[in-house]
Amino acid sequence: GLGREFDGIGAVSGGGATSRLLVNYPEPYRSEILDYLFKPNFGASLHILKVEIGGDAQSTDGTEPSHMHYENDENYFRGYEWWLMKEAKKRNPKIKLIGLPWAFPGWIGKGENWPYDYPDITAYYIISWILGAKQYHDLDIDYIGIWNERAFSSKYIKLLRYTLDKHGLEQVRIIASDRLWEPISFVMMIDSELHGVVDVIGAHYPGTKTVPNAILTGKKLWSSEDYSTFNNDVGAGCWARILNQNYVNGNMTATIAWNLVASYYEELPFGRCALMTAQEPWSGHYKVESPIWITAHTTQFTQPGWSYLQVDGHLEGGGSFVALTDGLGNLTIIIETMSHNHSKCIRPPLPNFNVIPQRATFYLRGSFYMVQTLQVWHSRLDFESGNSSLFQQLHPLQVWRGRFSLDLNVDEVYTLTTLKTGWKCGYPEPPPPQPFPSIYNDDFNIRNPPFSEAPNFADQTGVFEYFVNASDPGDHVFTLRQVVVQRPITWVSDADQTISVIGNFKWVNMTVTCDIYIEKPRDGGVFIAGRVDNGGIYVRDSKGVFFWVFADGTYRVTGDLAGKEVLMKGLAGVRDNAWHTLTLNIQGNSASGLLNGYPLWENVTVSKPGNGWAALGTRSFEFAQFDNFHVE
């Protein structure tokens, strides 16, 4: 008979800034990447796209901007998630959209690092995002989450449902709590009102298992974030195994990968933990990694709304299979035989198991007894030669009197299906990889930028946006401005300073020049930096060579973003609300700095780190502007 309804396979953009470098890929490469991800019957053919609702705070590999930086501020054209959702919908109008916050702007907590003290404000903020998606981008959000991998509040969830309904958003479903199966399942069992408003229980990295309480709720169970594994063939093995076993072992009817596409500097945390890689917009190079084709084994031959069939799903020699139907006579069977060492995900630890070559015989009964042929798609992950065969169409399989047998080797995936629509296609090879240009300029002079942020700058605390300086008649009408002026409700430990990094992590010797404008009187300050060695969730620990100037007329050179390791300090004569030019030169073990073209300090000894990005930023969460950025 029928099992649970299938809800789809998807991926996450965000949590955080994982699609940052995708937006400034040149065409045709950008469209090709999007086709591999979203175009039906083409590549990954994803059923679900989940995005971060930007909260102005660090959410793993960078910050994503909020639609409401301040209480009286609304802007539905910041960041790149709106654009990405539209591109996904353009290719697959049926794709399901999910929004989930990792962090929130500071004003929501009125100074407290907590989003639930004023639940009506938080609900209003989230509803604004959903309404803005529709009003400005004609996007219908299907599901909304609570707070990624952090505490939930039953009171807030109930209020969120009430507020959704009040705004005519009855069709938006609620997922909770994007953490573990408990305590949400237990609380739903004892709170019937909460049980009534949560539509999906979403757990993260469940290791293909669920818990009794979750099943007892009778709700849909999803692995709402999973995978997070380096996208080589072991990553593909992990993904193949959990795509099947999340249902076979855990009754989960959707699995969502973090993350969609590795479009962030690879040396940031969890580099290349994505379905494919597109981290070089300057060269146009990208790579369709093996997890894309593993995804296709399921997504090209199923749709949300299909049903799983009630089968045991465990193969005798190890491995698993699932079977799904559209209820109209079509049947899809997906088999995986991933071995333990070739399918380890990043988390949780994987208990030992054995898989051996085996002959499996399948019996088709009931309405499927009449099936005579099945189309066959096959992948074999080859860890000896590294010469894997991915998503190849083999000869159709003859079914005789409702039975067929298959010889299964280890580390294979088969899709057997009545559908004839599968397709493995491709574009010509993209350009070869190139390092980030060794000479790079940006004067930010763009009247109608397609995105709110300047290309290649990867914000790690704070948000840096294009700004039009109406008050400046001179050379600084178009600038880059840091706009977060209150510490957000954070997801991890953001720095106390703001910082955006850019360039090639392997850079050693460099000159960084930038015009700077301190807006905050008295204790305002800005910096430029080189050899910056850390970002993402570790941004607080960033080391490098930092050249600071302050509104009180002083300067500092420090070996860290926190400003604790002072290498040099003195008077500079810089003041707020005036433009100055800073130059930082790092050669070998020595650094020097210029102010407005004149030497300010020199022969400062720098030892560690030996390499890293260029960067700019501010002393605190304060307004400041930057112009005519140059690195060599």
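Residues numbered from 1 in each chain as written. Predicted model: local features only at pLDDT ≥ 70, side-chain atom pairs only at ≥ 80, totals over all residues. Heavy atoms only, no water.

The name that an unreviewed UniProt entry assigns to the chain is Galactocerebrosidase, with the source organism given as Setophaga kirtlandii. UniProt lists a comment for the chain under the heading Sequence similarities (unreviewed entry), and it reads "Belongs to the glycosyl hydrolase 59 family." (UniProt positions renumbered as here; feature names shortened; annotations may be inferred.)

(A) Representation of the nonpolar core in the model. Residues Phe 38, Leu 49, Ile 144, Ile 157, Leu 160 and Phe 629 are the most contacted members of the largest nonpolar core, which totals 181 residues. When residues of this core are assigned to domains, at least three fall in each of domain 1 (2-288) and domain 2 (440-631). Those residues in contact with Leu 49 that lie beyond four places of it in its chain are Ala 11, Ser 13, Phe 38, Leu 84, Met 85, Ala 88, Ile 95, Lys 96, Leu 97, Ile 98 and Leu 260. With 21 residues, the next largest nonpolar core counts Leu 315, Leu 374, Leu 406 and Tyr 414 among its residues. (Core = buried A, V, L, I, M, F, W, Y, C linked by side-chain atoms within 4.5 Å. Buried < 20%, exposed > 50% of the residue type's maximum accessible area, 1.4 Å probe, protein only. Domains from an automatic or database assignment. Contact = heavy atoms within 4.5 Å.)

(B) Representation of the domain arrangement of the chain in the model. Examined at the domain level, the chain breaks down into domain 1 (2-288) and domain 2 (440-631). Here the C-alpha centre of domain 2 lies 32 Å away from the C-alpha centre of domain 1. Taken residue by residue, the interface counts 46 residues in domain 1 and 37 residues in domain 2. When the buried area of domain 1 at its contact with domain 2 is split by residue, Arg 20, Gln 58 and Tyr 265 rank highest and sum to 22% of it. Our count for the contact surface shared by domain 1 and domain 2 stands at two salt bridges. Linking Lys 506 and Glu 267 is a salt bridge whose minimum nitrogen-to-oxygen distance equals 3.9 Å. Our count for the domain 1 to domain 2 interface comes out at 22 residue pairs in polar contact (both at pLDDT 80 or more). Class assignment for the residues of the side of domain 1 that touches domain 2 results in 23 nonpolar, 14 polar and nine charged. (Buried area = accessible area lost by both parts, 1.4 Å probe. Salt bridge = Lys/Arg side-chain N within 4 Å of Asp/Glu carboxyl O. Polar contact = N/O pair within 3.5 Å; in protein donor to acceptor, adjacent residues only side chain to side chain. Nonpolar A, V, L, I, M, F, W, Y, C, P; charged D, E, K, R; others polar.)

(C) Expanded view of the state of the cysteines. Scanning all chains against the criterion turns up one disulfide. Sulfur-sulfur distance for the disulfide between Cys 238 and Cys 345 comes to 2.1 Å. Negative torsions about the S-S bond denote left-handed disulfides, and the value of about 100° found for Cys 238 with Cys 345 makes this one right-handed. One end of the pair, Cys 238, is in helix α8 (residues 233-248); the other, Cys 345, is in the loop between β15 (331-336) and β16 (358-363), and 107 residues separate them in sequence. On the accessibility criterion, Cys 345 (13% relative accessible area) is buried. (Disulfide = S-S within 2.5 Å. Helix = DSSP H or I, 4+ residues; strand = E, 2+ residues; numbered from the N terminus.)

(D) Summary view of the packing of α8 against helix α9 (residues 290-299). Running from amino to carboxyl end, α8 crosses α9 at an angle of 20°, the nearest separation of the two axes being 8 Å. One element, α8, and the other, α9, form an angle in the roughly parallel class. Every pair of crossing elements has a handedness; the one defined by α8 and α9 is right-handed. When α8 is examined against α9, the residues Asp 233, Gly 235, Ala 236, Trp 239, Ala 240 and Leu 243 are found in contact with a partner set consisting of Ser 290, Pro 291, Ile 294, Thr 295 and Thr 298. Among the residues forming the contact of α8 with α9, the class breakdown is six nonpolar, four polar and one charged. (Axes fitted to C-alpha atoms, helices over the stretch in contact; angles between N-to-C directions. Parallel < 35°, antiparallel > 145°, perpendicular 65-115°, else oblique. Left-handed = near helix turned anticlockwise from the far one by under 90°.)

(E) Representation of the sheet that holds strand β12 (residues 285-287) in the model. With mixed pairing, three strands are arranged side by side in an open sheet as β10-β11-β12. The open sheet has two free edges, formed respectively by β10 (261-262) and β12, since each of these has just one partner strand. Pairing geometry for strand β11 (residues 276-280) and β12, over two bridges, is antiparallel. Looking at β12, one finds that Thr 277 is bridged to Lys 287. (Pairing = 2+ DSSP bridges.)

(F) Quick look at the side chain of His 47. Inspection of the secondary structure puts His 47 in the loop between α1 (29-38) and β3 (48-53). For His 47, the side chain forms a polar contact with the main-chain oxygen of Thr 299, separated by 3.2 Å. Once you skip the residues sitting within four places of it in the chain, His 47 turns out to touch Phe 6, Gly 8, Ile 9, Ile 95, Lys 96, Thr 299, Thr 302, Gln 303 and Pro 304.

(G) Expanded view of empty space enclosed by the protein. Evaluated as defined, the whole model comprises three cavities of 30 Å³ or more. Space inside the largest cavity adds up to approximately 110 Å³. Together, 14 residues line the largest cavity, and Gly 54, Pro 65, Arg 78, Trp 82 and Trp 129 are the ones closest to its centre. Broken down by secondary-structure element, the contributors of at least two residues to the lining of the largest cavity are β3 and α2 (81-91). Split into classes, the residues belonging to the lining of the largest cavity amount to five nonpolar, five polar and four charged. Size it by volume and the second largest cavity reaches roughly 40 Å³. (1 Å grid on protein atoms, 1.4 Å probe; cavity = no way out; pocket = protein on both sides within 12 Å on 5 of 7 lines; lining within 4 Å. Points joined across faces, edges and corners; volume = space filled by probe spheres on them.)

(H) Representation of a nonpolar patch on the surface. Taken together, the side chains of Phe 186, Met 189, Ile 190 and Leu 216 define a hydrophobic patch exposed on the protein surface, amounting to about 420 Å² of accessible area. Of the residues forming the nonpolar patch, the biggest block, three residues, is contributed by helix α5 (residues 184-190). Along the chain, Ile 190 turns up in helix α5. Take Ile 190: its relative accessible area is 60%, and that puts it in the exposed class. (Patch = residues over 30% accessible without salt bridge, like charges linked within 9 Å, V, L, I, M, F, W, Y side chains within 5 Å. Areas by Shrake-Rupley, 256 points an atom, 1.4 Å probe, with all protein chains shown as cover.)

(I) Main features of the environment of Tyr 286. Mapped onto the elements of the fold, Tyr 286 is located in strand β12. With relative accessibility at 4%, the residue Tyr 286 sits in the buried group. Apart from the residues within four sequence positions on either side, Tyr 286 is in contact with Tyr 25, Tyr 29, Glu 32, Ile 33, Tyr 36, Met 276, Thr 277, Ala 278, Tyr 427 and Pro 430. Of note is the side chain of Tyr 286, whose polar atom sits 2.6 Å from the side chain of Glu 32.

(J) Broad picture of α9. With 10 of its 10 residues buried, α9 lies for the most part within the structure. Three or more residues of α9 are buried, namely Ser 290, Pro 291, Ile 292, Trp 293, Ile 294, Thr 295, Ala 296, His 297, Thr 298 and Thr 299.

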